[in-house]
Amino acid sequence: MSGIYEDYLQYLADLADVLDQMTEVTKVKNKAAKAGDLVAVEEMMKKEQVFSMTLRGMDQKRDKMLKEMGLEGVPLSKLAENYPPELFDQARKAAEHAAKRFEVFHRTSEAARVTMECALHDIERMMPENQPVPHRDKGEPPPRMKTDFRA
């Protein structure tokens, strides 16, 4: 019976590794966005898409394992309490490690999101339709709307 419990601990270690990789990709994307390197940003976004598919597969595996252990709906913070006593310490450490890795990823991801939003707002301000029109600033109609009555 402890086989599935140990497998789940390995799953948590694998998840923490994926979160670390995602954090690094997000850091690179954030630096690229700050530098205006759109090619690098796009490359990192492609990597994020691959991680997204990886996480979907991992979610399915997690759901199956939790169901097999009878721990569906148990939050990660309560995992160790529901583990066999001989694996309690390992479960607590694995859960804490995965939670910390997620928190680091979340903070890094949030910083990158803010950077990307700022960059998008800067781009929007540079768009021609968002630029002030000189003739409108003077309160005059555009040149094509003026008529020459000197005939």
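These notes cover the structure that comes with them. (Residues numbered from 1 in each chain as written. Predicted model: local features only at pLDDT ≥ 70, side-chain atom pairs only at ≥ 80, totals over all residues. Heavy atoms only, no water.)

## As for the overall build of the protein chain
Test applied: Only DSSP runs of H or I with at least four residues qualify as helices, and only runs of E with at least two residues qualify as strands; both kinds are numbered from the N terminus onward. A 1.4 Å probe rolled over the protein chains alone gives each residue an accessible area, and that area as a share of the maximum for its type sets the label: buried under 20%, exposed over 50%, partly exposed in between. Throughout, a contact is declared for two residues whenever any of their heavy atoms are within 4.5 Å. Note on areas: Shrake-Rupley with a 1.4 Å probe; residue coverage comes only from the protein chains shown.
Each helix and strand in the protein chain was counted, giving four helices and zero strands. Traced from its N-terminal end to its C-terminal end, the protein chain shows the element sequence α-α-α-α. Residue burial in the protein chain is summarised as follows: out of 151 residues, 28% are buried. Across the protein chain, contacts joining residues at least 24 apart in sequence account for 67% of those joining residues at least 6 apart. Summed over all atoms, the accessible surface of the protein chain reaches about 10,900 Å², with 55% contributed by carbon and sulfur.

## Structural notes on the packing of aromatic side chains
Definition in use: By convention, a stacked pair of Phe, Tyr or Trp rings (six-membered ring in the case of Trp) has centres within 6.5 Å and planes under 30 degrees apart, an edge-to-face pair has planes over 60 apart, and any other such pair is tilted.
For the structure shown, the criterion picks out two aromatic pairs. Summarising the aromatic geometry, the rings of Tyr-5 and Tyr-83 are spaced 4.7 Å apart at their centres and angled 80 degrees between planes, so their arrangement reads as edge-to-face. Here Tyr-5 is found in helix α1 (residues 2–35), whereas its partner Tyr-83 is found in the loop between α2 (38–69) and α3 (88–126), with 78 residues between them in sequence. Comparing Tyr-5 with Tyr-83, the two get one shared label, buried. With a centroid separation of 5.3 Å and 25 degrees between ring planes, the pair formed by Tyr-8 and Tyr-11 is classed as stacked. A residue pair is termed a helical-turn pair when its members lie 3 or 4 positions apart in one helix, as Tyr-8 and Tyr-11 do in helix α1 at three residues.

Function cannot be read off these values alone, since they describe shape.
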